[in-house]
Amino acid sequence: MALLVLLFLGLCFTGTAYAAFAPSAAPGTSAATMTAEDVAAGKKLFLGNCATCHGVNGEGKEPAGPSLIGAGAAAVDFQVSTGRMPLPAPGIQAERAPENVKFSSEQISQLAAYVDSLGAGPDVPDSEYIDLAGADIAAGGAAYRTNCAMCHNASGTGGALTRGKFAPTLMNVEPQHIYEAMVTGPQSMPVFNDQNISPQEKENIIAFLKFVEDGGNEHGGAGLGSVGPAGDALFVWTLGIGAMIAAAVWLGRKAA
């Protein structure tokens, strides 16, 4: 009995300590901040534009569309505000298409509120975490290289994945949408919740990307597409191998 009591107390202490010291979720916008009228309006929009693929109750229709229960307001805002949804045509993955955005900001908020009412999920981030005021760019660069660069490239210009999929460029993307992608994990992207990457670290990463976006080549030199080491390696390989072949041919002819 003493062993069982000790185990019970240990579990209680561990759970209490985790709850006390775990980072809190960033405040944001969800159905809780919207009125019943907004949720009702969002339901009408959902039934008219989304239910065909996602089901009349958001339960999903595989393989047409996944369940949206628990997807949250952030997922809806990200997908609809970037023109990825409603999906214009089937494809390997939905691509960002700002010209295809068919709803106003108010309608997107209403649609997000309705989906969030089906099952709470990640919220639209609070402005505190996307205004980039006081963000640590250096820390953001370190966090980006650790968590993001393997797919989105060291300079945020995107990269190829398997089976025709790709990690999109992060240049000229709204800070809010970058944040929402991190907390919702669209398509092939993993979810980085606030326990993996804190809200402040997310803001730092966004600040780093905006620094890269605005930096350009003000110090001179060619950008080589800003695709990181791969472009440099291709340039050196092509020029270096070409020069070595030319030198070998010249030396061979001279010896003959």
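Details of the structure are given in the entry above.
The paragraphs below set out a description of the structure included in this document. (Residues numbered from 1 in each chain as written. Predicted model: local features only at pLDDT ≥ 70, side-chain atom pairs only at ≥ 80, totals over all residues. Heavy atoms only, no water.)

### So, helix α8 (residues 175-184)
In step 1: Burial analysis of α8 places nine of its ten residues in the buried class, which makes it a mostly covered element.
In step 2: Burial in α8 covers these residues: Pro175, His177, Ile178, Tyr179, Glu180, Ala181, Met182, Val183 and Thr184.
In step 3: Structurally, α8 contributes buried residues whose contacts are with α4 (72-81), β2 (124-125) and α9 (199-215).
In step 4: Gly185 lies just past α8 and shows a positive phi near 60°. (Buried < 20%, exposed > 50% of the residue type's maximum accessible area, 1.4 Å probe, protein only. Helix = DSSP H or I, 4+ residues; strand = E, 2+ residues; numbered from the N terminus. Contact = heavy atoms within 4.5 Å.)

### Things to note about the packing of α8 against α9
In step 1: Two elements in contact, α8 and α9, have axes whose closest approach is 10 Å; the angle formed by their N-to-C orientations is 130°. Relative to α9, the element α8 is oriented oblique. Between α8 and α9 lies a crossing whose hand is right-handed. Mapping the contact onto sequence places Pro175, Ile178, Tyr179, Met182 and Val183 in α8 and Pro199, Lys202, Ile205, Ile206, Leu209 and Lys210 in α9.
In step 2: Taken together, the residues of the contact of α8 with α9 break down into nine nonpolar, no polar and two charged. (Axes fitted to C-alpha atoms, helices over the stretch in contact; angles between N-to-C directions. Parallel < 35°, antiparallel > 145°, perpendicular 65-115°, else oblique. Left-handed = near helix turned anticlockwise from the far one by under 90°. Nonpolar A, V, L, I, M, F, W, Y, C, P; charged D, E, K, R; others polar.)

### Side note on the packing of aromatic side chains
In step 1: Per the counting criterion, the structure on display carries two aromatic pairs.
In step 2: Ring geometry for Tyr144 versus Phe208: centroids 5.5 Å apart, planes at 40°, classification tilted. Remark: Phe208 occurs in helix α9 and Tyr144 occurs in helix α6 (residues 137-147); sequence separation between them is 64 residues.
In step 3: Look at Tyr144 and you get buried, because its relative accessible area is 0%. (Phe/Tyr/Trp six-rings, centres within 6.5 Å; stacked < 30°, edge-to-face > 60°.)

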